[in-house]
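Residue-level listing of the chains:
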Amino acid sequence: MVLKERDIKKHIKDKNFGNIYCFYGSEKFLVKTYTQRLVTAIMGETPPEFNFHNFDNNCNVDDIAVSADIIPFMSEYNCVKVTDLNIDTLVKADFEKLKEIIGNVPKTTVIIFTFPTLDISGKNFSAFIKLIDKLGVVAELPKYDSNALSKQLVSGAYKRGCPLTAVNAGKIVDYCGTDLTMLQNELDKLCAYADGKEITSEMIDLLVHINLETKVYYMANEIIAGNLDKAYKELDILFYQKTEPIAIVSAIAGAYMDLYRARIGAESGVPVATIAKDFSYGNRKFALEKASRTGKRISTTSLRKSIDEIANTDYKLKSTSAKERTQIEKLIAKLSIIAKENCYA
């Protein structure tokens, strides 16, 4: 049985437990969260050692088998949690043993396989998921899109006693990206600072960490608008934070590729959602939506020339001993000049 997030919430709340579970997906924060909720629902806040067996990715399959067969002592269930076991690297004998364990879980045992850091998708893992789907519960937890993340932040702030508007929640997502762990950390910081008051835009500007992708996105905006002072100020901050020069250029390339894809899509009548799917943007679709608005101020030909300049700078950084900061400063100047060119494809 495959459950979506809303269903796994109800499943845990109802305490109608199965005997075998698997939590996995791209949103690691949710994988970790729902795994812990299930363990707590089964074992309580402080699981007893004799009824709770916690294995990491270095565990032996035989040890899992032994723990699964233990009869619970003064408890309804014996619980076995296995974290980040790399199913795809198991030798054939161990994989067959694992399938045997999954197919013969005692009624008084609950086995939870959880993947809060490991991403795997090989042949063994696919077979593993199909088997648990047939005999137990599978919960795949993908990343939220930007709208869902904003709603999550608004709800989280309300529970902490600090009002947060949807607009300001969206601003936090714009600054931090879609990593839910980072967003929750930033929300904790903001709520502590607000101390029961509304979280304002000024508080967000003061406290929230802006990721590299977002910083460079704003830098690209300033370059295209001809605001070189602001663009160089952003560059100063990045170098002060000891950001790798190649990472800066890579992020600039990413920002301009977003602009170019959004532009070509618009010219061809292709929806943003289709472009996001074709180029595997996943939950970064919002980056294309922003790019479609920003890109109106620069021509298609200028975007192509800009991408060529970025590629040349990237090559120089990787193949010559030229001063890295000087190369990036020159790149910003060239991109600003190109953006002013009034030529169209």
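Described below are features of the structure shown in this document.

What counts and what doesn't
- Residues numbered from 1 in each chain as written.
- Predicted model: local features only at pLDDT ≥ 70, side-chain atom pairs only at ≥ 80, totals over all residues.
- Heavy atoms only, no water.
- Axes fitted to C-alpha atoms, helices over the stretch in contact; angles between N-to-C directions.
- Helix = DSSP H or I, 4+ residues; strand = E, 2+ residues; numbered from the N terminus.
- Parallel < 35°, antiparallel > 145°, perpendicular 65-115°, else oblique.
- Left-handed = near helix turned anticlockwise from the far one by under 90°.
- Contact = heavy atoms within 4.5 Å.
- Nonpolar A, V, L, I, M, F, W, Y, C, P; charged D, E, K, R; others polar.
- Pairing = 2+ DSSP bridges.
- Buried < 20%, exposed > 50% of the residue type's maximum accessible area, 1.4 Å probe, protein only.
- Phe/Tyr/Trp six-rings, centres within 6.5 Å; stacked < 30°, edge-to-face > 60°.
- Expected span 1.5 Å × (residues − 1).
- Arc of directions from axis to C-beta.

**Some thoughts on the packing of helix α1 (residues 5–14) against helix α2 (residues 28–43)**
1) Next: Contact pair α1 / α2: the axes reach a minimum separation of 10 Å and the direction vectors enclose 15 degrees. Taken together, the axes of α1 and α2 are roughly parallel relative to one another. In this structure, α1 crosses over α2, and the sense of that crossing is left-handed. Residue-level contacts link E5, I8, K9 and I12 of α1 to L30, Y34, R37, L38 and A41 of α2.
2) Next: Its residues assigned to classes, the contact of α1 with α2 shows six nonpolar, no polar and three charged.

**Remarks on the sheet that holds strand β6 (residues 137–140)**
1) Next: Taken in spatial order, the six strands of this open sheet run β1-β6-β2-β5-β4-β3, and their pairing is parallel. Both outer strands of the open sheet, β1 (2–3) and β3 (52–55), are each paired with one neighbouring strand and no more.
2) Next: In this structure, β3 lies alongside strand β4 (residues 78–83), joined through four bridges in parallel fashion. Bridge assignment links F55 to a residue of β4, and that residue is V82.
3) Next: The sheet contacts of α2 involve β2 (20–24), β3, β4 and β5 (109–114), and relative to β5 the element is tilted by about 170 degrees.
4) Next: Here helix α5 (residues 123–135) sits on the sheet and contacts β1, β2, β5 and β6; the angle it forms with β2, its principal contact strand, is near 135 degrees.

**Brief notes about the environment of E202**
1) Next: Tracing the chain through its elements places E202 in helix α9 (residues 201–207).
2) Next: Look at E202 and you get exposed, because its relative accessible area is 59%.
3) Next: Taking C-alpha positions, E202 is 21 Å from E213, a pair spaced eleven residues apart along the chain.

**A short note on the packing of aromatic side chains**
1) Next: Scanning the entire structure with this criterion turns up ten aromatic pairs.
2) Next: Considering the side-chain rings of Y21 and F23, the 6.2 Å spacing of their centres and the 10 degrees angle between planes classify their relative orientation as stacked. No difference in accessibility class separates Y21 from F23, as the two residues are buried.
3) Next: On the numbers, 5.3 Å between centres and 85 degrees between planes, the contact of F115 with F125 is edge-to-face. Within this pair, whereas F115 is found in the loop between β5 and α5, its partner F125 is found in helix α5, the two being separated by ten residues in sequence. Considered together, F115 and F125 belong to a single accessibility category, that of buried residues.

**What about helix α11 (residues 228–240)?**
1) Next: Taking 1.5 Å of rise per residue, the 13 residues of α11 would be expected to cover 18 Å, and the 18 Å separating its terminal C-alpha atoms lies within 8% of that figure.
2) Next: Every buried residue belonging to α11 is among A231, L235, L238 and F239, and all of these are buried. For α11, the angular spread of the buried residues around the axis is 95 degrees, confining them to a single face. Of the exposed residues in α11, those oriented more than 90 degrees away from the buried face are D229, K230, K233 and Y240.
3) Next: Residues of α11 that are buried in the fold lie against α10 (212–225), α12 (245–268) and α16 (324–340).
4) Next: Just downstream of α11 lies K242, where phi reads positive at about 60 degrees.

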